[in-house]
Structure formats: structure tokens, C-alpha cells
Amino acid sequence: MVEKNSPSRIVFLVLAYAFLILVGLVCLMPIWHVTMASLSNPSYLQTNKSIIFWPLHDVDFTAYKIIGNYQKLWQGYKNTVIYIIIQCGITGVLTVMAGYVFSRKRFFYRNGFMLFISFTMLFNGGMIPMYMVVRKLGLLDTIWAIVIPGALNVFNIILMRTAMQGISDELEDAARVDGAGDLTIMFRVILPLCKATFAVIMLFTIVGKWNEYMSALLYLPNRMDLYPLQMVLRTILFNNSKEITSSTDALSGMSLYGKSVEYAVIVASTLPILCVYPFVQRYFVTGVTLGAVKS
């Protein structure tokens, strides 16, 4: 059905688009400010107190040259990528299995178990009990302390369960007639029909692991070589860039670039995830809302 463009509808559309554009500008402004600050002349940056819309005085890439020679930053990139790959593998398998089990009607106690695990979304042991569990398991100062505690998320299970419930039972019955088992049905019949939801769960996992630093702060007290990117970024910002500027081959007036380096590191740590998101964005709305409306 085509709606007529009545005067009231035109006014509504204009106001709606104006509001969305305003919200978009508010969201983009911090990213733009940080990017322009990282390219600004450091002398002018020191005295600036307002939002930067364009590089101050002239474009200066020295801050990016400095962080390019900072090995701990690249080590943080490497560690984060490793954590993301392992986390996505573990989370993907466990979430699909849990969603499949809780979506099958023949699992008699599915509602009771679902209520039990959903309870943990509101109430949990907290940071100290989790730390004690990780320590007792001997996971401190290992990569497994970063990926195992957050391997399974209740919200992801609910998304996958809802998506799988929307798939016709006749498909499973037909696969069983052909001799397929539960693993074959789960991974070769059900999962391909839920790829939008699966892509969203992977997106949540990647973004969450990319921005995470608290696990490293708690569980890697003696292994700085295992620090993820965000932990390296936190160290740089808390040290006011003194370490990175002092560890780089000295240029004249290198200490002047401390603030520029902070902005450059933020840009360097944010850019990869901004580049990944557009490729999975088309799955986002479909994956989240799949199964929300029953026909």
C-alpha cells in the first residue's frame, strides 16, 4: 500500500529526518574531534579547549609515526585478534548448541532451564567470586582467563533460541527421515537458516571482546605480554603517553606530542572495528528481530 504524502506526513518526515541527522552528528562528532586532534599541530593542540573541526594550523602525521614504532601497541593488536578468534569459535559453538537444545519441544524441561539461566542476567556472583573461580582453576596469567569466563552469554542464547523456534519442525522431521542426527540437523539444516542471527551474535562478540580490558586488568597481573589492545590503550592514557614517547627514537621536541599520541592511539584502536561493522550491518536488524513476530 502506497501512503499519500499528506501535509502532516510531510511535516513528520521532515522532523524525523532532521532528528535522526542531529543524532547522527552527535554520535559522529567525538570520532571526528579525536581524528582531527590527532592530525593537529601539537603546539596549537596544547592550548585548544574547544571541539576541533579541522586540523589545527597544519596536518601533522608525526603522532602516527610514533605509535607505528611502538611495539607494545602491535602486540596488543595481535593479542586482541587471537582472543577474538578463539572467543568467536567457542561462543559460536556453545551458543548454537544451547539455542538448539532450548528451542526443541521434545526437551521437556527447556522452560525451567531457560528460566534458571535467565535469572543470571539479573543476579550473579559478582567480580570477586568470578576472580576466585578463575584463580582456583589455574587460569590466571593465561589466555584462557580472557576467553573462557565470557564464552557463553544468556542474551545470545535467547536470540538464537528465538530464531530457531521460528523454523518449521517439518524440516527437522524430513532430515531425520533421511537419517540425519542432531548434530547434522543443528549445523547443516537449522543453523544456515539462522545465519542473520548468528552474524549478529558474532558481531556482539567481536565488539565486546575488542573493547574489553577489565578481564586483562583482573586476570593478567603478571603477563603484560598478553595484554589486549584496550589494556595497552588504557596504560598509555593513564601514563599520559610518557612511556610511548620515551620508548620511541627521539625526535626534537618529542615530549610535545604526548597529547597527539593519545588521540592517535584512540583512532588506531577504533578504526578496525569501524571498518568491520558495515559488512555485517545488513544482518543486524534482521538478526535481532527474527522471531519477534509470529505469523
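The residue numbers shown here count from 1 along each chain, following its written sequence. The model is predicted, so local features are restricted to residues of pLDDT at least 70 and side-chain atom pairs to those at 80 or more, both for listing and for counting; the totals for chains, interfaces and linings are taken over all residues. Only hydrogens and water are set aside when side-chain values are computed; all heavy atoms of the structure are taken into account.

**Student:** What is the right way to look at the overall build of the chain in this model?
**Tutor:** Here a strand is any run of E in DSSP of at least two residues, a helix any run of H or I of at least four, and the numbering for each starts at the N terminus. A count of helical and extended segments in the chain gives 15 helices and zero strands. Put simply, the chain has 295 residues, and 36% of those count as buried. The long-range fraction of contacts in the chain, counting pairs at least 24 apart against all pairs at least 6 apart in sequence, stands at 72%. Summed over all atoms, the accessible surface of the chain reaches about 17,900 Å², with 68% contributed by carbon and sulfur. Accessibility here uses a 1.4 Å probe with only protein chains present; expressed as a share of the type maximum, an area under 20% marks a residue as buried, one over 50% as exposed, and anything in between as partly exposed. We call two residues in contact when some of their heavy atoms are within 4.5 Å. Each accessible area value is a Shrake-Rupley result obtained with a 1.4 Å probe; residue values ignore everything except the protein chains displayed when judging cover.

**Student:** In this structure, what is going on with the packing of helix α5 (residues 110–119) against helix α8 (residues 154–165)? I would like to understand it.
**Tutor:** For any two helices packed against each other, the geometry comes down to the angle between their axes and how far apart the axes lie. Between N-to-C directions, angles cover 0 to 180 degrees, with each direction set by a line fitted to C-alpha atoms, over the stretch in contact for helices. Viewed as axis vectors pointing N to C, α5 and α8 meet at an angle of 145 degrees, and their least axial separation amounts to 10 Å. Relative to α8, α5 is oriented so that their crossing is left-handed. In contact with Asn111, Met114, Ile117 and Ser118 of α5, α8 contributes Val154, Ile157, Ile158 and Arg161. All amino acids are sorted into three groups, where Ala, Val, Leu, Ile, Met, Phe, Trp, Tyr, Cys and Pro are nonpolar, Asp, Glu, Lys and Arg are charged, and the leftover types, Gly among them, are polar. Across the contact of α5 with α8, the residue classes tally to five nonpolar, two polar and one charged. The hand of a helix crossing depends on one turn: near helix anticlockwise from the far one by less than a right angle means left-handed, and clockwise means right-handed.

**Student:** How should I be thinking about the pattern of salt bridges in this particular structure?
**Tutor:** Once their charged atoms are close, side chains differing in charge can pair, the charge on each being opposite to the other. Here, a salt bridge means any side-chain nitrogen of Lys or Arg that lies within 4 Å of a carboxyl oxygen of Asp or Glu. The tally for this structure, following the rule as stated, stands at six salt bridges. Residue Glu212 pairs with Lys209 through a salt bridge whose shortest N-O separation is 2.7 Å. For Glu212, a relative accessible area of 23% translates into the label partly exposed. The salt bridge partner of Asp225 is Arg223, with a shortest N-O separation of 2.9 Å.

**Student:** Help me understand the confidence of the model for the chain in this model?
**Tutor:** Where the model shows low pLDDT, its predicted coordinates should not be examined in detail. On average, residues of the chain score 81 in pLDDT, and 87% of them are at 70 or above. Per residue, pLDDT captures the predictor's confidence, and it can take any value from 0 to 100. Confidence drops under a pLDDT of 50 for residues 249–253, and excluding neighbours within four residues, the segment shows two contacts in the predicted structure.

**Student:** What's the story with the packing of aromatic side chains in this structure? I'm lost.
**Tutor:** The geometry of an aromatic ring pair comes down to the distance between the two centres and the angle between the two planes. Whether two aromatic rings pair depends on their centres lying within 6.5 Å, for rings of Phe, Tyr and Trp, where Trp uses its six-membered ring; planes under 30 degrees apart make the pair stacked, over 60 edge-to-face, and the rest tilted. All told, the structure shown has five aromatic pairs when counted by the stated rule. On the numbers, 5.5 Å between centres and 25 degrees between planes, the contact of Trp74 with Tyr77 is stacked. Note that Trp74 and Tyr77 are positioned in helix α4 (residues 71–103) at a spacing of three residues, about one turn of the helix. The buried category is assigned to Tyr77, whose relative accessible area is 14%. These aromatic residues form a ring-pair network of at least three members: Trp74, Tyr77 and Trp210.

**Student:** Help me understand the side chain of Asp60, please; the structure alone is not making it clear to me.
**Tutor:** Residue position: Asp60 is located in the loop between α2 (42–47) and α3 (62–68). The charge count treats Lys and Arg as positive and Asp and Glu as negative. His and the chain ends do not count. Among buried Asp, Glu, Lys and Arg side chains, Asp60 stands out as unpaired, with Lys65 the closest opposite charge at 6.7 Å. N or O atoms within 3.5 Å of each other form a polar contact, as long as, within protein, one can give a hydrogen and the other can take it, and as long as residues adjacent in sequence are counted only when both atoms are side-chain atoms. Polar contacts involving the side chain of Asp60 include one to the side chain of Thr62, which spans 2.5 Å. When neighbours within four sequence positions are excluded, Asp60 is seen to be in contact with Ser38, Leu39, Ser40, Pro42 and Tyr257.

**Student:** Whenever I open this one, unusual backbone geometry confuses me. Can you help?
**Tutor:** When glycine is set aside, most residues are seen to have a negative phi, and most peptide bonds are trans. At His57, a position not held by glycine, the phi torsion is positive, near 70 degrees. Within the secondary structure layout, His57 lies in the loop between α2 and α3. Of note, the phi angle at Asp141 is positive, near 60 degrees, even though the residue is not glycine. Among the secondary structure elements, Asp141 is positioned in the loop between α6 (127–136) and α7 (144–147).

**Student:** Looking at this model, I keep getting lost on helix α10 (residues 182–193). Mind explaining?
**Tutor:** Along its 12 residues, α10 runs 16 Å from first to last C-alpha, staying within 8% of the 16 Å computed at 1.5 Å per residue. Within α10, the full set of buried residues consists of Ile185, Met186, Ile190 and Leu191. Viewed along the axis of α10, the buried residues span an arc of 140 degrees, placing them on a single side of the element. Looking at the buried side of α10, the elements it contacts are α4, α8, α9 (169–177) and α11 (195–210). Given a helix with a known number of residues, its expected span is that number minus one, times 1.5 Å. It is the directions from the helix axis to the C-beta atoms that the arc portrays.

**Student:** Looking at this structure, I do not really get a nonpolar patch on the surface. What am I missing?
**Tutor:** The patches described consist of residues with a relative accessible area above 30% and no salt bridge, like charges being joined within 9 Å and nonpolar side chains (Val, Leu, Ile, Met, Phe, Trp, Tyr) within 5 Å. On the surface, Tyr17, Phe19, Leu20, Ile21, Val23 and Leu25 cluster together to form a nonpolar patch covering roughly 640 Å² of accessible area. Tracing the backbone shows Leu20 in helix α1 (residues 7–38). Residue classification places Leu20 among the exposed positions, given a relative accessible area of 54%.

**Student:** So what exactly am I meant to see when it comes to the environment of Trp210 here?
**Tutor:** Tracing the chain through its elements places Trp210 in helix α11. With 20 residues separating them in the primary sequence, Trp210 and Gln230 have C-alpha atoms 7.3 Å apart. Leave out the neighbours within four places in its chain, and Trp210 touches Tyr77, Thr80, Ile84, Leu229, Gln230, Ser269, Pro272 and Ile273. Here Ser269 takes part through its backbone oxygen, which lies 2.6 Å from a polar atom of the side chain of Trp210.

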